[in-house]
Amino acid sequence: LNPTPTKLWGAENPKHLIGRSIFDVVHPANHNEVQKRVENILQRQQPSTLSEQKCIRLDGEVIDVEVTGIPFTDGGKPSVLGVFRDVTEQKRAREALKQTEARLRTVVGSASLILFATDKNGVFTLSEGEGLKTLSLKPGQLVGQSAFEVYADYPQVGEGLRRALAGESFTEAVEVFDLTFEVRYSPLIDDNNQVKGVIGVATD
């Protein structure tokens, strides 16, 4: 065993993992799913698709992991090689963002302004507010679309997003479709002080 799985499972020494069943670290809620996945890999001799599940470290901490299984032969015996990646922090960040967006929707649902958010790639994750009507848009209509593509004809929008994604908070006037909006851009920061997106408020 190399140090990576030892750290992932919270073992003080690699020897503490040798001889253990994989189900010692798989969350009970995922036991049946993992058992079927292992059987399928052994029968088909093909890697499994990447999936997300919960596991339990040796110290009892529950973590979220992405995992795939790869068939291989160990001493002439068909076996499965598990490849795990800890995504606990990423999932917590996504859940925190969803909670923030839900609270903001409540606040601006009837306000005459536009509240928007994007991920780190500039893809809309939130588009709410009565002010959308001035752009002939419905709440949520832009979610999943790239702001850089939607407003490709208005480079000021893309430039503003890039500045916010670089960590800058600022307010500026932006012209879109013969309308002028005062837009407040703010970067969304995760627990590791990394920018994970942008949130903005636009007023006509």
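Scope of this entry: the structure provided in the associated data block.

## A closer look at a nonpolar patch on the surface
- On the surface, a cluster of nonpolar side chains totalling about 300 Å² of accessible area is made up of Ile-70, Phe-72, Leu-81 and Val-83.
- Sorting the residues of the nonpolar patch by element identifies strand E2 (62-74) and strand E3 (77-86) as the ones contributing at least two each.
- Within the secondary structure layout, Val-83 lies in strand E3.

## Comments concerning the environment of Leu-165
- Note that Leu-165 resides in helix H5 (residues 155-165).
- Remark: the alpha-carbon pair of Leu-165 and Val-183, spanning 18 residues in sequence, is separated by 15 Å.
- Residues in contact with Leu-165, not counting those within four places in the same chain, are Asp-119, Lys-120, Phe-148, Val-195, Gly-197 and Val-198.

## Let's talk about empty space enclosed by the protein
- A full pass over the atoms with the stated rule returns one cavity of 30 Å³ or more.
- In this structure, the largest cavity spans a volume of roughly 240 Å³.
- In terms of lining, the largest cavity is formed by 18 residues, of which the most central are Phe-116, Leu-135, Tyr-151, Val-157 and Ala-202.
- Counting residues per element, the lining of the largest cavity draws most heavily on strand E7 (residues 179-189), at three residues.
- Partitioned by chemical class, the residues of the lining of the largest cavity number 17 nonpolar, one polar and no charged.

## Brief notes about the sheet that holds strand E5 (residues 124-128)
- Reading across the sheet, the five strands line up as E5-E4-E8-E7-E6 and stay open at both edges, with antiparallel pairing between neighbours. Lying at the two open borders of the sheet, with one neighbouring strand each, are E5 and strand E6 (170-176). The mean angle between the axes of side-by-side strands here comes to 25°, regardless of whether they run parallel or antiparallel.
- Sheet analysis places E6 next to E7, joined by seven bridges and oriented antiparallel. Residue pairing for E7: Phe-170 is matched across the bridge by Tyr-185.
- The strands that H5 touches are strand E4 (114-119), E6, E7 and strand E8 (195-203); relative to E6, the one it contacts most, it runs at about 160°.

## Quick notes on the layout of surface pockets
- Quantified by volume, the second largest pocket comes out at close to 480 Å³.
- As for the second largest pocket, its lining consists of 19 residues, of which Gln-90, Ala-93, Arg-94, Asp-190 and Lys-196 are closest to the centre.
- Among the secondary structure elements, those contributing two or more residues to the lining of the second largest pocket are helix H3 (88-108) and E8.
- Residue contributions to the lining of the second largest pocket peak at nine residues, all from H3.
- Along the lines of polarity and charge, the residues of the lining of the second largest pocket split into five nonpolar, four polar and 10 charged.

## Comments concerning the environment of Leu-137
- Its location among the elements puts Leu-137 in the loop between E5 and helix H4 (147-150).
- Taking the C-alpha atoms as reference points, Leu-137 and His-31, separated by 106 residues in sequence, lie 45 Å from one another.

## Topic: the pairing of E4
- The buried count for E4 comes to five of six residues, which makes it a mostly enclosed element.
- Where E4 meets E8, six bridges bridge the pair, whose relative direction is antiparallel. Pairing of Ile-114 across the sheet is with Ala-202, part of E8.
- As judged from the four bridges shared by E4 and E5, these two strands associate in the antiparallel manner.

## Let's talk about H5
- The set of residues buried in H5 consists of Val-157, Gly-158, Gly-160, Leu-161, Ala-164 and Leu-165. For H5, the arc enclosing every buried residue in end-on projection is 160°, short of the 170-degree limit, so these residues lie on one face.
- Among the structural elements, E4, H4, E6, E7 and E8 are those in contact with the buried residues of H5.
- A positive backbone phi angle near 105° is found at Gly-167, which sits one or two residues after H5.

About the thresholds
- Residues numbered from 1 in each chain as written.
- Predicted model: local features only at pLDDT ≥ 70, side-chain atom pairs only at ≥ 80, totals over all residues.
- Heavy atoms only, no water.
- Patch = residues over 30% accessible without salt bridge, like charges linked within 9 Å, V, L, I, M, F, W, Y side chains within 5 Å.
- Areas by Shrake-Rupley, 256 points an atom, 1.4 Å probe, with all protein chains shown as cover.
- Salt bridge = Lys/Arg side-chain N within 4 Å of Asp/Glu carboxyl O.
- Helix = DSSP H or I, 4+ residues; strand = E, 2+ residues; numbered from the N terminus.
- Contact = heavy atoms within 4.5 Å.
- 1 Å grid on protein atoms, 1.4 Å probe; cavity = no way out; pocket = protein on both sides within 12 Å on 5 of 7 lines; lining within 4 Å.
- Points joined across faces, edges and corners; volume = space filled by probe spheres on them.
- Nonpolar A, V, L, I, M, F, W, Y, C, P; charged D, E, K, R; others polar.
- Pairing = 2+ DSSP bridges.
- Axes fitted to C-alpha atoms, helices over the stretch in contact; angles between N-to-C directions.
- Buried < 20%, exposed > 50% of the residue type's maximum accessible area, 1.4 Å probe, protein only.
- Arc of directions from axis to C-beta.

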